[in-house]
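Structural description and commentary
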Amino acid sequence: MNDLPRTRKARLFYVVFLVLILASGVPLTALTFYKLKVERDGFAERLQQDMDGVCQAVSRNVQIYADSRRREASLLAGMLTTINPEDVAGLQAALAAQAPRLRESFRVVQVVDRQLKVLAAYDTQKGPLEGQIGLSLAQRSDLELALGPTGFGITDVFVSAATEHPCVRISVPLGSSGSKPWGLLACTVDLRDIEWATSVPSDFPTQVQVIDSAGNQILSGGKVPGYIAPIADVLLWNYIQSAQRGWLPEQKAGSLRYSPGVHMRIPGIRWYVLVRIPEDFVAKRIEEFHWSSIGMLMITFLIVVVLAALLSNFVVIPITRLKSVAMAVARKDFSPAQVRAIPTVYEEVDKISQALEDMVLQVDRYFNEVASTRDALTFGLTTIVEFRDPETGYHVERMAHYSRELCRALVERGLSEELSEELIDDIFKAAPLHDVGKVAIPDSILLKPDQLTPREFEIMKTHTTAGAHAIASIQRKLPRASFLTLAVEIALAHHEWWDGTGYPSGLAGQDIPLSARILALADVYDALAFPR
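No experiment lies behind these values; they were computed from the predicted model shown. (Residues numbered from 1 in each chain as written. Predicted model: local features only at pLDDT ≥ 70, side-chain atom pairs only at ≥ 80, totals over all residues. Heavy atoms only, no water.)

Counting across every chain of the model gives seven aromatic pairs. Ring centres 5.9 Å apart and planes at 75° place the aromatic pair Phe 43 and Phe 204 in the edge-to-face group. In this pair, Phe 43 is assigned in helix H1 (residues 6-80) and Phe 204 in the loop between strand S7 (183-190) and strand S8 (207-211), connecting sequence segments 161 residues apart. For Phe 204, a relative accessible area of 10% translates into the label buried. For the pair Tyr 402 and Tyr 525, a centre-to-centre distance of 5.1 Å together with 90° between the ring planes defines the contact as edge-to-face. (Phe/Tyr/Trp six-rings, centres within 6.5 Å; stacked < 30°, edge-to-face > 60°. Helix = DSSP H or I, 4+ residues; strand = E, 2+ residues; numbered from the N terminus. Buried < 20%, exposed > 50% of the residue type's maximum accessible area, 1.4 Å probe, protein only.)

Bringing helix H4 (residues 234-241) into the picture now. Restricting attention to buried positions, one finds in H4 the residues Leu 236, Trp 237 and Ile 240. Along the long axis of H4, the arc covered by the buried residues comes to 100°, so they all point the same way. Those residues of H4 that are exposed and aimed more than 90 degrees away from the buried face are Val 234 and Leu 235. Of the surrounding secondary structure, the elements contacted by the buried residues of H4 are S8, strand S13 (261-265) and strand S14 (272-276). The distance from a side-chain oxygen at the start of H4 to the backbone nitrogen of Leu 235 is 3.2 Å, and the residue carrying that oxygen is Asp 233. (Arc of directions from axis to C-beta. Contact = heavy atoms within 4.5 Å. Polar contact = N/O pair within 3.5 Å; in protein donor to acceptor, adjacent residues only side chain to side chain.)

A word on the pairing of S7. Judged by how many residues are buried, S7 sits mostly within the fold: eight of eight residues are covered. Where burial is concerned, the two faces of S7 agree: the one with Gly 183, Leu 185, Cys 187 and Val 189 and the one with Leu 184, Ala 186, Thr 188 and Asp 190 are both buried. Relative to S7, strand S1 (residues 108-113) is paired through six bridges, and the arrangement is antiparallel. Directly across from Asp 113, in S7, lies its bridge partner Gly 183. Pairing geometry for strand S6 (residues 166-174) and S7, over eight bridges, is antiparallel. Bridging from a neighbouring strand, Cys 167 pairs with Asp 190 of S7. (Pairing = 2+ DSSP bridges.)

Right under this line is the structure:
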């Protein structure tokens, strides 16, 4: 190398250096901006996913709460049906007898006729409300929904005289099964009991509101207002009412276009959930992205300069050494050892290729470990259920294979276009988790050999929501595990029926997720084929 003049070596170095700067600097800079764009768009996507997840979780919590109160009211209505509606004293006595049990669920319980005239009334904390007998309740159309096919009505928010705090009334019909209801059971619920419904984990500072059909805020910021608080933005309220579910109109913050919120109507209830993200939070994050872009660009340029200098030496040194050997050969002053000692570019590329191959092998091992961890997680959850109920262990294994075979049969017969091989595999992995909620069921019910009582069966039904909540908590920690999304659907809806008579949500037809429909069919087949 010393045989070359220093000026020629410097000139060759600078030429190679500039070529490498141009060849690598431009694409690296473009790649940096592309990466930042991906991160910015990813932030918007994660923001929407988080708001959507919070919206669905709050809707599900409110629906679960309303369903539990409806069941409590229906049980009381069943006991009151045997009493003559003209026997006011008997109705009052029956309400008084049930007051200790109802105190945690309702504040005021009223028996009214079909004209909403009060026949009997009882405050579960203070006693009989003789002064209300003969009065008529307001919000007739809301309460009279219970006389229709749904058998359930719920009013808009009002300030109750008993609690001096916002409340709602729910109503269920009174009358013998199969006959025309002679009246309604109206139960007043203190809305402070439902504040927990908006306590949903979120990665962002989301703002949650629950709104009734009149536009009054039932929940706002995780609290129940101490007064009736109508939603201030009339245009926003009209937009929310225009669709069962949707995103608020997009707006722009810096270079990012995003939707600031999502809304949906709670199934079975004329209430709405609105989830929004503060504009100042998004603006601050966009500003951080801009400063990150400047810093990333400067760091990228510095790295390009350093790499170009190193690569220039990498290219120049072998060339200059080869030139010196060639000159030595011309002078007949060389040895074979000199030639073998020359580092070539190709040898360095081979080394880089080998290092890349080693890296790919390490990444492949990492993904295999992740997949093994996922399978071990599924196996562990199903094993927990098997410890509680040995038959469930064999049952969940059969369910996984039944589901996969049903999916493949649907695809072979051209009956389903949405069942890809990846989706079938996810259903196979998720199927064993369908009864994981049974770990929350007491042994006295889960292992009972005899037929369950109606109350025990109501408790058994909760294994669907318990399982869905358990899997959803795992899903938040493993967002890339796609089969957990199906596992939540399956655990929650695998006891729904096509005609809408299933539980926990009474979904019907195409409203039931496809994965849950497949599991339901497999579950029925297993029940027929194997004794339980």
